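Listed here are the chains, written in short residue letters.
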Amino acid sequence: MPYGAVVQKLDTVMVSGTVKVAVLPEVMKMLSLQPGQAVDDETGKKIIEENDRLTRVKN
């Protein structure tokens, strides 16, 4: 395992009913999402932005 790697379970949501996106637990709580939930494109973009922001901060 690489130095500094953080292992955690990621849940997924369905964006536009076709694409599975992995979501950090912090983002799931922040956006009040449930595992396997279907979300629209706008929420999908927010998820990706927040995942990216939180991953960059941690590293």
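In this convention, every chain numbers its residues from 1, walking through the sequence in written order. Selection of residues for local features in this predicted model requires a pLDDT of at least 70, selection of side-chain atom pairs for listing and counting requires 80 or more, and totals for whole chains, interfaces and linings are taken over all residues. The basis for every side-chain value is the complete set of heavy atoms in the structure, and neither hydrogens nor water enter the calculation.

## Re the sheet that holds strand S1 (residues 11-15)
Picture the strands of a sheet paired through backbone hydrogen bonds; they go either parallel or antiparallel. The pairing criterion is simple: DSSP has to find at least two bridges between the two strands. Helix and strand labels come from DSSP, where a helix needs a run of H or I of at least four residues and a strand needs a run of E of at least two; each type is numbered from the N terminus. Overall, mixed pairing links the three strands, which are arranged S2-S1-S3 in an open sheet. With partners counted over all chains shown, the strands left at the sheet margins are strand S2 (19-23) and strand S3 (38-39), one partner each.

## Concerning the confidence of the model for the chain
Averaged over every residue, the pLDDT of the chain is 87; the share at 70 or more is 83%. Note on scores: pLDDT gives the predictor's confidence for each residue, bounded by 0 and 100. The spread of mean pLDDT over the elements of the chain runs between helix H2 (residues 41-58), the lowest at 89, and S3, the highest at 96.

## Some points on the environment of Leu33
Within the element layout of this structure, Leu33 appears in the loop between helix H1 (25-30) and S3. For the pair Leu33 and Val23, spaced 10 residues apart in the sequence, the C-alpha separation amounts to 9.3 Å. In this analysis, two residues are considered to be in contact whenever any of their non-hydrogen atoms come within 4.5 Å of each other. Other than its neighbours up to four places away in sequence, Leu33 contacts Val13, Met28, Val39 and Ile47.

## Comments concerning unusual backbone geometry
Of note, the phi angle at Ser16 is positive, near 55°, even though the residue is not glycine. Each residue's exposure class comes from its accessible area (1.4 Å probe, protein chains only) as a fraction of the maximum for that residue type: buried when under 20%, exposed when over 50%, partly exposed otherwise. With a relative accessible area of 44%, Ser16 lands in the partly exposed category. Unusually for a residue other than glycine, Ser32 sits at a positive phi of about 55°. Mapped onto the elements of the fold, Ser32 is located in the loop between H1 and S3. Note on Ser32: relative accessible area 59%, which makes it exposed.

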